[in-house]
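Notes for the structure review
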Amino acid sequence: MSRIYNFSAGPAVMPLEVLQEAQKDLIDYKGCGMSVMEMSHRGKDYDAIHQEAIATFKELCGLNDDWSVCFIQGGASLQFAMIPMNFLGAGQTADYANQGTWSNKALKQAQMIGSVNVAANCQKDNPARMPADDEFKWTPGAAYSHICSNETISGAELKKFPVSGSPLICDMSSDILSCERDYTQFSMFYAGAQKNLGPSGMAVVAIRRDLAERGSQTIPTMLQYRTFVDENSLYNTPPCWAIYIFGETMKWVKKMGKENLFRLNEEKAKKIYDVIDDTGFYRGTALREFRSNMNVTWRLPTEELEAKFIKDAAAAGMTSLKGHRSVGGVRASIYNAFPMEGIDCLVDFMREFEKKNG
Ligand SMILES: *Cc1c(COP(=O)(O)O)cnc(C)c1O
């Protein structure tokens with residue numbers, strides 16, 4: 001077996017233990033005589049998988065029974081549309097923080113539905129950053145406010161969340177369960193599963209039941225949050241396999257221990273940032289206080305050197321280090337499952353590359 005160091009932004013590296021467990025269960029899930037992919041979503045074996053996945057996630061996030069956890073296909077991008085469809089009624093305004101590519105995409109969907117106030121705007125700032133607390137201009141009586149905790153492309157992460165005065169909804173696609181966070185300060189948070197939670201194909205949506213209840217009743221059933229809340233994401237056939245792997249990944253997080261995992265994430269990012277800061281050869285692209293622990297972004301002196309860096313790294317067993325096509329440069333996505341050995345390998349490579357080309 002040879003596993004490479006995969007710095008992909010998503011779908012991304014998964015815990016090896018989870019893949020091995022899935023492999024073990026693939027053909028015959030715990031003596032059921034069939035795989036999870038082949039089971040009825042109404043049967044007791046699948047039901048146990050479904051309930052345990054939700055329970056473990058709620059425990060990890062510290063959510064009580066005021067909260068519902070939903071599995072909704074269409075990734076984080078469908079959430080960009082569902083949020084305003086459910087909560088942005090006629091005559092209402094929603095506040096959006098425009099902090100980068102993803103939050104911009106979210107707010108554009110809301111603008112197709114209703115009135116949007118851009119509460120803060122640093123989307124195009126270079127170096128990349130997040131808004132400061134006193135920059136936000138909230139609308140009194142807003143329907144809700146939307147924010148993104150980690151801009152995956154720019155590599156800027158919000159370390160502290162503002163109090164908006166309306167239900168706060170957060171896109172946590174790329175940093176959910178990666179650091180200490182009070183999840184109860186939000187009314188809803190969601191993440192495309194393919195970065196920190198499991199395979200692609202769904203978003204995991206945590207929503208306060210009272211918020212879901214307030215959603216529009218005139219949009220199609222499959223677009224209403226209340227459908228997923230009331231039917232426990234079993235109104236129609238859910239993505240059973242993705243939910244099973246999500247559940248295994250949550251068990252892995254629990255086994256690792258949150259504190260331990262969060263500390264490792266800090267250490268992993270710091271090792272790379274330390275090399276970036278050591279000399280002038282590498283240049284970090286996010287402001288220091290907003291540097292992401294999940295997506296580390298930097299530039300080299302020229303685009304030619306960046307191309308060579310990415311190519312040579314791939315030859316040395318480290319793939320997907322190319323920055324997003326919209327911004328260029330180098331990006332190391334180092335989610336929860338990314339191993340420390342891969343960081344050490346990258347850091348050694350960075351020092352060597354600088355010696356030869358600096
Ligand atoms: C990846 C990502 C998305 C898009 O997720 P999809 O599941 O592909 O729709 C949205 N927001 C953030 C912050 C992301 O990192």
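Before any of the text, the structure's been laid out above.
Model, not experiment: these values are computed from the prediction. (Residues numbered from 1 in each chain as written. Predicted model: local features only at pLDDT ≥ 70, side-chain atom pairs only at ≥ 80, totals over all residues. Heavy atoms only, no water.)

A word on the site of the ligand. Near the ligand you find 13 residues, and of these Ser77, Thr152, Asp171, Gln194 and Lys195 are the closest. Within the side chain of Thr152, an N or O atom sits 2.4 Å from an oxygen atom of the ligand. In this structure, a nitrogen atom belonging to the ligand sits 2.6 Å away from a side-chain N or O atom of Asp171. For the ligand, the protein covers 87% of the area, taking 390 Å² as the surface of the free molecule. The biggest single contributor to the shell around the ligand is helix 3 (residues 75-87), with 4 residues. (Near = heavy atom within 4 Å. Polar contact = N/O pair within 3.5 Å; in protein donor to acceptor, adjacent residues only side chain to side chain. Areas by Shrake-Rupley, 256 points an atom, 1.4 Å probe, with all protein chains shown as cover. Helix = DSSP H or I, 4+ residues; strand = E, 2+ residues; numbered from the N terminus.)

This paragraph deals with the packing of helix 7 (residues 240-256) against helix 8 (residues 258-278). How two helices pack is summed up by the angle between their axes together with the distance between the axes. At a minimum axis separation of 5 Å, helix 7 and helix 8 run at an interaxial angle of 90 degrees. For the element pair helix 7 / helix 8, the angle class is roughly perpendicular. Residues Trp252, Val253 and Met256 of helix 7 touch helix 8, and the partners they reach there are Lys258, Asn260, Leu261 and Leu264. Classifying every residue of the contact of helix 7 with helix 8 gives 5 nonpolar, 1 polar and 1 charged. (Axes fitted to C-alpha atoms, helices over the stretch in contact; angles between N-to-C directions. Parallel < 35°, antiparallel > 145°, perpendicular 65-115°, else oblique. Contact = heavy atoms within 4.5 Å. Nonpolar A, V, L, I, M, F, W, Y, C, P; charged D, E, K, R; others polar.)

Turning next to the sheet that holds strand 5 (residues 145-148). Across a sheet, paired strands are connected by hydrogen bonds in the backbone, their directions being either parallel or antiparallel. Read across the sheet, 7 strands follow the order 2-10-9-8-5-3-4 without closing on themselves; strand pairing throughout is mixed. Only two strands of the sheet have a single partner each, and these edge strands are strand 2 (67-72) and strand 4 (115-121). Neighbouring strand axes in the sheet, compared pairwise and without regard to direction, differ in orientation by 20 degrees on average. Of the strand pairs in this sheet, strand 3 (residues 93-98) and strand 4 are connected by 6 bridges, and their pairing is parallel. For Ala97, the partnering residue across the bridge sits in strand 4 and is Ala120. Relative to the sheet, helix 2 (residues 44-61) contacts strand 2, strand 9 (188-192) and strand 10 (203-208), its axis offset from that of strand 2 by approximately 125 degrees. Packing against the sheet, helix 4 (residues 101-113) makes contact with strand 3, strand 4, strand 5 and strand 8 (168-171), and its axis sits at approximately 160 degrees to strand 3. (Pairing = 2+ DSSP bridges.)

Moving on, we get to the pattern of salt bridges. Considering all chains together, one arrives at 25 salt bridges under this definition. Close ionic contact of Arg263 with Glu267 constitutes a salt bridge, the shortest N to O distance being 2.8 Å. Residue Arg263 and its partner Glu267 are located together in helix 8, separated by 4 residues, close to a single helical turn. Taking the relative accessible area as the measure of exposure, Arg263 reaches 44% and is therefore partly exposed. Salt bridges linked by common partners bring Glu21, Lys24, Asp25 and Lys30 together as one network. (Salt bridge = Lys/Arg side-chain N within 4 Å of Asp/Glu carboxyl O. Buried < 20%, exposed > 50% of the residue type's maximum accessible area, 1.4 Å probe, protein only.)

With respect to the helices and strands, His50 occurs in helix 2. Aside from chain neighbours lying at most four places away, what touches His50 is Phe71, Asn232, Ser233, Leu234 and Ile243.

So, about the sheet that holds strand 12 (residues 295-299). Strand order in the open sheet made by the 3 strands is 11-12-14, with antiparallel pairing throughout. The open sheet is flanked by strand 11 (283-284) and strand 14 (330-333), the only strands paired with a single partner. In this sheet, strand 14 lies alongside strand 12 in antiparallel orientation, the contact comprising 4 bridges. Bridged to Val296 within strand 14 is Ala332.

Moving on, we come to the state of the cysteines. Taken as a whole and judged by the stated rule, the model has 0 disulfides. Cys179 supplies the cysteine sulfur nearest to Cys61, a cysteine that is in no disulfide, at a spacing of 11 Å. (Disulfide = S-S within 2.5 Å.)

Another aspect to go through is the environment of Asn98. Mapped onto the fold, Asn98 is located in strand 3. Given the relative accessible area of 4%, Asn98 is considered buried. Sequence separation between Asn98 and Cys122 is 24 residues; the distance between their C-alpha atoms is 6.3 Å. Residues within four places of Asn98 in sequence aside, it is in contact with Ser103, Asn104, Leu107, Val118, Ala120, Asn121, Cys122 and Gln123. Side-chain polar atoms of Asn98 contact the side chain of Asn121, separated by 3.4 Å.

All quantities given are derived from atomic positions and should not be read as evidence of function.
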